[in-house]
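# Descriptive analysis of the structure
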2 protein chains.
Amino acid sequence: MSDYPSIILEQAVNQMASLPGIGRRTALRLVLHLLRQSDEEVEAFSAAFTRLKHDVIYCCECHNISDTERCSICSSTRRDHTTICVVENVQDVMSIENTGQYNGVYHVLGGIISPMEGVGPKDIEIDSLIERIAKGEVQEVILALPTTMEGDTTNFYIYRRIQNAGVEVKISQIARGVAVGNQLEYTDEITLGRSIINRTEFKG
Amino acid sequence: MSDYPSIILEQAVNQMASLPGIGRRTALRLVLHLLRQSDEEVEAFSAAFTRLKHDVIYCCECHNISDTERCSICSSTRRDHTTICVVENVQDVMSIENTGQYNGVYHVLGGIISPMEGVGPKDIEIDSLIERIAKGEVQEVILALPTTMEGDTTNFYIYRRIQNAGVEVKISQIARGVAVGNQLEYTDEITLGRSIINRTEFKG
């Protein structure tokens, strides 16, 4: 006999537990919570995800999630369209937007090059990035990928592709160093070592 | 402007974040995970919850979640129908079943009396419990409610209702004491104090 008193309940728990980081016990708790809600609320809960899957669009320019063909950032006249910030995913755009420190546009790769996970340059939006740059209006490309080996590989690959395309464009990457507010004592050796090598001029 | 690049995305995140213990950042991660799945998978995910809400039945006898009018435990001839274990909710039935130590039937109250949260005796399945007992076939009622003030209140209320109904039935409650495998040093004072008062005979 199954552990669950109902097959329908078990199926709902299986679906909930298919989400990353949600174990079976948590899934059961969430499903029983849903069961206590009204019919309309459960209907709205379910509909939100099918609607998302059916109706959401990826911006034709930057590949960010969007409600319109061209996203609100790419279609804004107040943004600097000569600067493109290259990021791995949608969350990264939201994180950078939240800083309020960036006024350019984005390019969402939808992943990074990872031979271990079988992700090659053709699986992510690199060709479309080179096309955007080749149009000649872009003045700076900011590489804002994770500071991991995969991120570094992708940074280098993009750098080479831009060089090969023969376009005159400034390529920069986000600063790496000791996080603001951190004690040196608790900073890992690689970060600390590089922060000394890549020291910047002190403007008093 | 909203923090989210898409209203549809935001609505899906809102729905996911309405689940207990799921914050907005986790909700976004889960929703973006769903977005990477196939149409069929997202459809199956959503359908599981509407189906649960529409099709799930509560057993007419014990009020546990069930696929049939009478649940598999209540309709089993191998269970002892003269013993009823009273529990707060569906999870409790599953927990006790998992111990493999109980062969009677259950009664799911669907809550416990809590004046603080406005839950009175009429809001939970106490009347139907008294009716089941009044039929005269039940020999023992095991109270397996949480060992909290609300649980104690509910235990006492049920005890009085059974007395008033004038039915001859044994009423017991689950043993309270030091959890198996625990050090006395780390057991709270109330539990330890009661475990001395309610000591049981040592059978060597």
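The coordinates are above.
Residues numbered from 1 in each chain as written. Chains lettered and ligands numbered in written order. Predicted model: local features only at pLDDT ≥ 70, side-chain atom pairs only at ≥ 80, totals over all residues. Heavy atoms only, no water.

## Things to note about the environment of I113 of chain A
Residue and element names in this part refer to chain A. With respect to the secondary-structure elements, I113 resides in the loop between β4 (104–108) and α5 (127–134). A sequence separation of 14 residues divides I113 from D127, and the C-alpha atoms of the two residues are 13 Å apart. What I113 contacts, discounting residues up to four positions off in sequence, is V119, G120, P121, I124, I126, E150, T153, T154 and Y157. (Helix = DSSP H or I, 4+ residues; strand = E, 2+ residues; numbered from the N terminus. Contact = heavy atoms within 4.5 Å.)

## Remarks on the relation of the copies chain A and chain B
With an axial shift of 0.0 Å and an RMSD of 0.1 Å, the rotation relating chain A to chain B amounts to 180°. What the rotation and shift describe, once combined, is the action of a two-fold rotation axis. Taking C-alpha positions as reference, the residue of chain A nearest the rotation axis is S46 of chain A, located at 2.2 Å. By residue overlap, the copies meet face to face through one surface: 98% of the interface positions of chain A are interface positions in chain B. (Least-squares fit on C-alpha atoms with pLDDT ≥ 70 in both.)

## Some words on the pairing of β4 of chain A
Looking along a regular strand, one sees side chains alternate from face to face of the sheet. Residue and element names in this part refer to chain A. Counting buried positions along β4 gives five out of five residues, so the element sits mostly inside the fold. When strand β3 (residues 80–87) meets β4, the two strands line up parallel, connected through five bridges. Bridge pairing in β4 places C85 opposite Y106. In the classification by handedness, the crossover that spans β3, the intervening helix α4 (residues 90–99) and the parallel β4 is right-handed. (Buried < 20%, exposed > 50% of the residue type's maximum accessible area, 1.4 Å probe, protein only. Pairing = 2+ DSSP bridges. Right-handed = clockwise from strand over helix to strand, strands pointing away.)

## Some thoughts on the sheet that holds β3 of chain A
Residue and element names in this part refer to chain A. Spatial ordering of the open sheet is given by β4-β3-β5-β6, a layout of four strands whose pairing is parallel. Taken across any chain shown, the strands that pair with only one partner, and hence form the sheet edges, are β4 and β6 (170–173). Each strand axis lies, on average, 25° off the axis of its neighbour in the sheet, ignoring direction. In this sheet, β6 lies alongside strand β5 (residues 140–143) in parallel orientation, the contact comprising four bridges. Each residue of the ladder has a partner; that of I142, found in β6, is S172. Relative to the sheet, α5 contacts β3, β4 and β5, its axis offset from that of β4 by approximately 150°. (Axes fitted to C-alpha atoms, helices over the stretch in contact; angles between N-to-C directions.)

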